[in-house]
Amino acid sequence: MSRQALAILSVQNLLHNIQVIRKRAPKSKIIAVVKANAFGHGLRSTALNCDKEIDEFGVASIDEALALRKVGIQSPIVLMEGVFEPDELLIASCQNLPVVFHSYHQLEWLKHVHLPVALKVWIKCDTGMGRLGFSPTEVKDVYDILKNNPNIAPSVGLMSHYACADELNHPKNIEQFKIFETLSGNWPGPKSFSNSGAIFQDNIDNFDYVRPGLAIYGISPLKDITSDSLGLKPVMTLQTRLIAVKNLPKKSTVGYGATFTCQESTTIGVVAIGYGDGYLRTLSERTPVLVNEKQCSIIGRISMDMTTIDLSNVPNAKVGDVVTLWGDGLPIEQVVKNSPLIPYDLLTAVQMRVKFHWTLKINS
Ligand SMILES: *Cc1c(COP(=O)(O)O)cnc(C)c1O
């Protein structure tokens, strides 16, 4: 049997999560955020699997948008960081890619183009994230510039982004929300503010469009709140197999740097996955994995192609047994718990040498 590092992707869970989001934000349209290879899940396959259930897609670059057009996706695809050079405006106009404007230099580029189709646009306002966006005091001016430009479609959107949406009731959330609410009071076009974390908070309005990323993939966007309790189910289950099982005598060390020493005679397993697959080396020792549904933990350093685990909990484990790194039965939130990593790090790190397999139902 060939190497079995496998990402199993559940269409059913993907569609389920979208339904959960719809219930949380029933009046809002959904811009499904599929940037960064759909958070590591596969840009094209993810989009094709949920195209009918969402309203629009959101990406970071025009390359991502065009890759989706190439496989026949027809929904609008929002360029959430706007265009990076003037030539992209023409493509965005022809390909139905709504464009976010966040800086005056992007407005300058509009002066020198004649677009064949009026461009749909969003104005990004910086309400406190301190990253992209016009300041609240500039928004009116930007709106006037766009409104008076013949290249621009009439309904101009207003959007912003939360800095602390992953924390329930963080004061910054309300602060940003209030700035946006005031600013957008009589706004004539659509409004969008919520990412995954904000969608699951009670005292925040979801406006006309929500922009979920992480929640679509079934991972809790809120610190210390489980995906289970939010009703979300992991889309990706990353698994591989045991390629060696052996007994090491007391005082043996395991792996590079000999960082782990067996305190007694120990059965260890060698697992066919490593940082070369995206199972990052910064995961701490004692990170949980599942072997035959039982929780074990990693010992020693993660290598490029292999990881060593303590098999004391599963005495009858044998070569070929399935090892789950995260997903069904082992939330990724739990996997990163004692590391500096967040689920986003792990998901976007998954490498192409891992086989990707979409299925209607994991374990069916
Ligand atoms: C990435 C991104 C999102 C999605 O964020 P999540 O927290 O993963 O839901 C939403 N909006 C913008 C502008 C983004 O860049």
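Residues numbered from 1 in each chain as written. Predicted model: local features only at pLDDT ≥ 70, side-chain atom pairs only at ≥ 80, totals over all residues. Heavy atoms only, no water.

Next up on the list: the overall build of the protein. Counting its secondary structure elements, the protein contains 12 helices and 18 strands. With the C-alpha coordinates of the protein rotated into their principal frame, the extents come out at 75 × 45 × 40 Å. A burial count over the protein gives 54% of its 364 residues as buried. If you take every contact in the protein between residues at least 6 apart in sequence, the share linking residues at least 24 apart comes to 64%. Looking at charge distribution, the protein has the averaged site of its 36 positive side-chain charges lying 5 Å from that of its 34 negative ones. (Helix = DSSP H or I, 4+ residues; strand = E, 2+ residues; numbered from the N terminus. Buried < 20%, exposed > 50% of the residue type's maximum accessible area, 1.4 Å probe, protein only. Contact = heavy atoms within 4.5 Å. Lys, Arg positive; Asp, Glu negative; His and termini not counted. Charge placed at Lys NZ, Arg CZ, Asp CG, Glu CD.)

So, on to helix α7 (residues 139-147). Listed in full, the buried residues belonging to α7 are Val 139, Val 142, Tyr 143 and Leu 146. Down the axis, α7 shows its buried residues gathered within 100° of arc, on one side only. Contact partners of the buried residues in α7: α6 (104-110), β6 (121-124), β7 (157-159) and α8 (171-183). (Arc of directions from axis to C-beta.)

What follows is about the site of the ligand. Around the ligand, 13 residues are found, and the nearest of them are Lys 35, Ser 196, Arg 211, Gly 213 and Leu 214. Between the ligand and Arg 211, the relevant distance is 2.9 Å, taken from a nitrogen atom to a side-chain nitrogen or oxygen of the residue. Expressed as a share of its isolated accessible area of 390 Å², the protein-covered part of the ligand is 92%. A breakdown of the residues in the shell around the ligand according to their chemical character gives 6 nonpolar, 4 polar and 3 charged. (Near = heavy atom within 4 Å. Polar contact = N/O pair within 3.5 Å; in protein donor to acceptor, adjacent residues only side chain to side chain. Areas by Shrake-Rupley, 256 points an atom, 1.4 Å probe, with all protein chains shown as cover. Nonpolar A, V, L, I, M, F, W, Y, C, P; charged D, E, K, R; others polar.)

Right, let's get into the packing of aromatic side chains. Applying the stated rule across the entire model yields 9 aromatic pairs. Judged by centre distance (5.1 Å) and plane angle (80°), the rings of Tyr 104 and Phe 134 are edge-to-face. Of this pair, Tyr 104 sits in helix α6 while Phe 134 sits in the loop between β6 and α7; the two residues are 30 residues apart in sequence, bridging distant segments of the chain. By relative accessible area, which is 31% here, Tyr 104 ends up partly exposed. Taken together, a centroid distance of 5.3 Å and an interplanar angle of 90° make the contact between Trp 122 and Tyr 209 edge-to-face. One end of the pair, Trp 122, is in strand β6; the other, Tyr 209, is in strand β9 (residues 209-210), and 87 residues separate them in sequence. Residue Trp 122 is classed as buried on the basis of its relative accessible area of 4%. Tyr 209 gets classed as buried once you look at its relative accessible area, which sits at 11%. Ring-pair connections join several aromatic residues into one group, and the members of that group are Tyr 162, Phe 177, Phe 180, Phe 193 and Phe 207. (Phe/Tyr/Trp six-rings, centres within 6.5 Å; stacked < 30°, edge-to-face > 60°.)

Direction of pairing for strand β1 (residues 6-10) relative to strand β10 (residues 236-248): antiparallel, over a ladder of 4 bridges. Following the sheet pairing, Ala 7 is matched in β10 by Leu 238. As paired elements, β10 and strand β17 (residues 322-326) share 4 bridges and run antiparallel to each other. Bridge pairing in β17 links Leu 238 to Trp 326. Of the strand pairs in this sheet, β10 and strand β13 (residues 266-271) are connected by 6 bridges, and their pairing is antiparallel. Across the sheet, the residue bridging to Val 245 is Gly 269, located in β13. (Pairing = 2+ DSSP bridges.)

By the definition in use, this model includes 9 salt bridges. Among the salt bridges present, the one from Arg 24 reaches Asp 202, with a minimum N-O distance of 3.1 Å. Of the two residues, Arg 24 sits in helix α1 (residues 11-24) while Asp 202 sits in the loop between α9 (196-199) and β9, which places them 178 residues apart along the sequence. Across the pair Asp 305 and Arg 353 runs a salt bridge, and its minimum N-O distance is 2.8 Å. Of this pair, Asp 305 sits in the loop between β15 (294-298) and β16 (307-310) while Arg 353 sits in the loop between α12 (343-349) and β18 (355-359); the two residues are 48 residues apart in sequence, bridging distant segments of the chain. On the basis of relative accessible area, Asp 305 is assigned to the partly exposed category, the value being 29%. Accessibility expressed as a relative area gives 39% for Arg 353, which makes it partly exposed. (Salt bridge = Lys/Arg side-chain N within 4 Å of Asp/Glu carboxyl O.)

All right, on to the state of the cysteines then. A full pass over the atoms with the stated rule returns 0 disulfides. There is no disulfide at Cys 262, and the cysteine sulfur nearest it, in Cys 296, is 14 Å away. (Disulfide = S-S within 2.5 Å.)

What follows deals with helix α3 (residues 43-50). Those residues of α3 that sit buried are Leu 43, Thr 46, Ala 47 and Cys 50. Along the long axis of α3, the arc covered by the buried residues comes to 95°, so they all point the same way.

Even without being a glycine, Ala 258 presents a positive backbone phi close to 45°. Summarising the element assignment, Ala 258 is placed in the loop between β11 (253-254) and β12 (260-261).

Moving on, we get to the environment of Glu 167. Considering the arrangement of structural elements, one finds Glu 167 in the loop between β7 and α8. Since its relative accessible area comes to 29%, Glu 167 is described here as partly exposed. Measuring from C-alpha to C-alpha, the distance between Glu 167 and Ile 225 comes to 9.6 Å, with 58 residues separating the pair along the chain. Contacts of Glu 167, omitting those with residues within four sequence positions, involve Asn 173, Gln 201 and Lys 223.

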